[in-house]
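Chain residues, written in single-letter form:
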Amino acid sequence: MLIMRYNGGLGNQMFQFAAVATLANKLGVDFCFDCDFFNHRYSRPYQIDIFQQDKREVRALKYRLLWAFRKHIKNKFFSLNVYGEKNFNYEQEFFEIKDNTYIYGFFQSHKYIDENLIKKYFTFKVAPDDKNAQIIENMQVQDSISMHIRRGDYVSKKRYASVYNHLDFNYYESALEYIAQYVKKPVIYVFSDDINWVEKNFNFKNCKNCVEKGARVEFISHNQGEKSYEDLRLMSMCKHNVIANSSFSWWGAYLNNNPQKIVVAPKKWFQTIQNNPRDLYPDSWVLM
C-alpha cells in the first residue's frame, strides 16, 4: 500500500493523485491518501471527488505523528518507508519507491504521470448543467481558446506575491497572437478567480491577429463557489489553451484531448529562475 498526503487546492490534489496512482500501477499495489490536511481551518477543501473515484482515505495517529516530525525523519518511520519531495524539479528516484511507503510533496511534472491511466481516473462524475453544456457544444465547433488569469492569493497575499511570477498582459497578448496565427476565427474564453477585474482591465487590441481575424471574447463568470471546478472542465473542452502559472489551468490544458491543440504556458512559473524547471510541461507545449 502506498499512502500519499494531500496538500493544497484542486490542481495540487490532482498532481498528487496522478503521481501515486501512476506509481501504484507500476508496482502493482494499491494506494490511498492521508487527508488530514483538510481537517485544518487554513486548508483548501477536498475537491477531487468531482471525478469518478472514492476518497481512499486512511486515518491513523502514526500518520499525524509522521507529518508533525517529517523534518526529522530520513527514510523510515517505525515499519513505514517515507519519501518526501526534495524540491520542485522532477525526481527520477520517485519511481524507485517501494510498497509500504508514505509519500508527501507536490509532484508537479508531467513525467510523474501515465497520461492514459490518469485520464481514465479524471472523468467528471456529474454531467455539466444546461448552461455549461451549451458552452461546451459551442466550443467544439469554434476555434476556441481558453485563457486563464490567476489573481486571488497571488495578488492579495505577500507570501505568494513574492514567490510566484506575475504574468502581465504582455504574456497573454503574445500567447494569443501566437495561437491566432494558426486558426481562422478565434473565440477566446476567459477564466479567472477575479473575472470582474479582468473584464475592466484587459483588452485584446494589441493582438494583431485576433483583431484581423475578428476574434470574439467570452468572459466566464457563472461557475462560482462549489461549482468553480466547472471552469476546469470548460478549459479542457477548448481547442487550445493559454494557461497561467497555476496548477488549475495546467490541468485544464492537460485534459484537453484535441490532438492538434496548442498550449501556451509561462516560461517563468516562480520569481526565481532556479525554481522554473522544464519538467513541469509536456514537450509539445509552447513556453513564453
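Residues numbered from 1 in each chain as written. Predicted model: local features only at pLDDT ≥ 70, side-chain atom pairs only at ≥ 80, totals over all residues. Heavy atoms only, no water.

An unreviewed UniProt entry lists the protein chain under the name Alpha-1,2-fucosyltransferase, from Candidatus Galligastranaerophilus intestinavium.

**Let's talk about helix α2 (residues 61-68)**
Helical geometry: 3.6 residues make up each α-helical turn, so side chains three or four residues apart lie on a common side. Taken residue by residue, α2 has Tyr63, Leu66 and Trp67 as its buried positions. Each buried residue of α2 lies within a common arc of 95° when the element is viewed along its axis, so the set occupies one face. Away from its buried face by more than 90 degrees, α2 exposes Leu61, Arg64 and Ala68. Residues of α2 that are buried in the fold lie against β1 (2-5), β2 (31-34), β3 (57-58), β4 (76-77), β5 (80-84) and β6 (101-104). (Buried < 20%, exposed > 50% of the residue type's maximum accessible area, 1.4 Å probe, protein only. Helix = DSSP H or I, 4+ residues; strand = E, 2+ residues; numbered from the N terminus. Arc of directions from axis to C-beta. Contact = heavy atoms within 4.5 Å.)

**A closer look at the state of the cysteines**
Tallying each qualifying case throughout the model produces 1 disulfide. The disulfide that involves cysteine 207 links it to cysteine 210, with 2.4 Å between the sulfurs. Across the S-S bond linking cysteine 207 and cysteine 210, the dihedral sits near 60°, which makes this disulfide right-handed. Summarising the burial analysis for this pair, cysteine 207 and cysteine 210 share the class buried. Free cysteine cysteine 35: the closest other cysteine sulfur is in cysteine 32, separated by 8.9 Å. Overall, cysteine 35 belongs to the buried group, its relative accessible area being 2%. No disulfide involves cysteine 238; its sulfur sits 14 Å from that of cysteine 210, the nearest cysteine. (Disulfide = S-S within 2.5 Å.)

**Re the sheet that holds β3**
Taken together, the 6 strands give an open sheet; going across it, the order is β3-β2-β1-β6-β5-β4, and neighbouring strands pair in mixed fashion. The strands lining the two open edges of the sheet, one partner per strand, are β3 and β4. Of the strand pairs in this sheet, β1 and β6 are connected by 3 bridges, and their pairing is parallel. Looking across to β6, one finds that methionine 4 is bridged to isoleucine 103. Packed on one face of the sheet, helix α1 (residues 10-27) meets β1, β2 and β6 and runs near 170° to β1. (Pairing = 2+ DSSP bridges. Axes fitted to C-alpha atoms, helices over the stretch in contact; angles between N-to-C directions.)

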